[in-house]
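# Examining the three-dimensional arrangement
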Amino acid sequence: MGGRTVRILLAAGGTLCLAQPALAHPGHVGHGFADGWAHPFHGLDHLLAMLAVGLLAVRAGGHGLWLLPASFAGALLAGGALAAAGVPLFGVEYAIATSVIVLGGLLALARRPARGWEVAIVALFALFHGHAHVAELSGGASFASSAGGFLLATGVLHLAGIAAGSLALRALDRPALRIGGGAIAAAGMAILATLI
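The shown structure was predicted, so the numbers you read here are calculated from the model rather than taken from an experiment.

## With respect to the overall build of the protein chain
- Counting its regular elements, the protein chain contains 8 helices and 0 strands.
- Secondary structure elements of the protein chain occur, N-terminal to C-terminal, as α-α-α-α-α-α-α-α.
- Within the span of the protein chain, comprising 196 residues, buried residues form 47% of the whole.
- Across the protein chain, the fraction of contacts at a sequence separation of at least 24, relative to all contacts at a separation of at least 6, is 86%.
- Total accessible area on the protein chain is roughly 8500 Å²; 71% of this is exposed by carbon and sulfur atoms.

## Concerning the packing of helix H3 (residues 44-60) against helix H6 (residues 115-135)
- Contact pair H3 / H6: the axes reach a minimum separation of 11 Å and the direction vectors enclose 160 degrees. With respect to each other, H3 and H6 are oriented roughly antiparallel. Every pair of crossing elements has a handedness; the one defined by H3 and H6 is left-handed. Taken together, the residues of H6 that come into contact with H3 (itself represented by Asp-45, His-46, Ala-49, Met-50, Val-53, Leu-56, Arg-59 and Ala-60) are Arg-115, Glu-118, Val-122, His-129, Ala-132 and His-133.
- Considered class by class, the residues forming the contact of H3 with H6 number 7 nonpolar, 3 polar and 4 charged.

## Points about the packing of helix H7 (residues 143-172) against helix H8 (residues 174-195)
- Relative to each other, H7 and H8 sit at 130 degrees, their axes nearing to 7 Å. The orientation of H7 with respect to H8, classified from their angle, is oblique. Between H7 and H8, the contacting residues are Gly-165, Ala-168, Leu-169 and Leu-172 on the first element and Arg-174, Pro-175, Ala-176 and Leu-177 on the second.
- Residue composition of the contact of H7 with H8, by class: 6 nonpolar, 1 polar and 1 charged.

## What to know about the pattern of salt bridges
- Considering all chains together, one arrives at 2 salt bridges under this definition.
- Taking the shortest distance from any N to any O, the salt bridge between Glu-118 and Arg-59 comes out at 3.5 Å. In this pair, Glu-118 sits in helix H6 while Arg-59 sits in helix H3, placing the two residues 59 residues apart along the sequence.
- Here Glu-118 falls in the buried class, since its relative accessible area comes to 0%.
- We classify Arg-59 as buried; its relative accessible area is 9%.
- A salt bridge links Arg-112 to Glu-118, with the shortest nitrogen-to-oxygen separation between them at 3.1 Å.
- Accessibility expressed as a relative area gives 27% for Arg-112, which makes it partly exposed.
- Because the salt bridges share partners, they merge into one network encompassing Arg-59, Arg-112 and Glu-118.

Criteria and thresholds
- Residues numbered from 1 in each chain as written.
- Predicted model: local features only at pLDDT ≥ 70, side-chain atom pairs only at ≥ 80, totals over all residues.
- Heavy atoms only, no water.
- Helix = DSSP H or I, 4+ residues; strand = E, 2+ residues; numbered from the N terminus.
- Buried < 20%, exposed > 50% of the residue type's maximum accessible area, 1.4 Å probe, protein only.
- Contact = heavy atoms within 4.5 Å.
- Areas by Shrake-Rupley, 256 points an atom, 1.4 Å probe, with all protein chains shown as cover.
- Axes fitted to C-alpha atoms, helices over the stretch in contact; angles between N-to-C directions.
- Parallel < 35°, antiparallel > 145°, perpendicular 65-115°, else oblique.
- Left-handed = near helix turned anticlockwise from the far one by under 90°.
- Nonpolar A, V, L, I, M, F, W, Y, C, P; charged D, E, K, R; others polar.
- Salt bridge = Lys/Arg side-chain N within 4 Å of Asp/Glu carboxyl O.

Right, here's the structure in full:
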């Protein structure tokens, strides 16, 4: 995938993020590690995006196997820190839904983007996921404790994606990842449709 296609995907995602913010995860009021741990499992959007990162890591192979999940985790923490500091990000829920579409779409493509673009896309969307995790915590929640929980859950979901991707590659070859990516992107479109 060329740089032009990547720029178009980023521009489209950025445009969607300009919409007014919405909280699509009501009731996620957290007070610490357990709530931080549970949050990624309560939203299909978070779950699918994090699994997709694991699948992308398998497809990337080599350094990408650890670089993509590590980039996501680092940006996730940065997004959470922004929310904890009271820095707003607009269109968080739209960006999260868009992340599912774009990450699934990247998997569905026959050609991978350059690794730098892939890392940048993963990190950009992780900022929004991290912001949502912390913004939905109650005022008395400990950021450090909650962050530990959602980082651990994210790692588990990335590992699940890596395991699933490794099995798919062994048993079914690369088309399985592309089909899975298409299914993830379709689910992201359905999630986005509920927000519009």
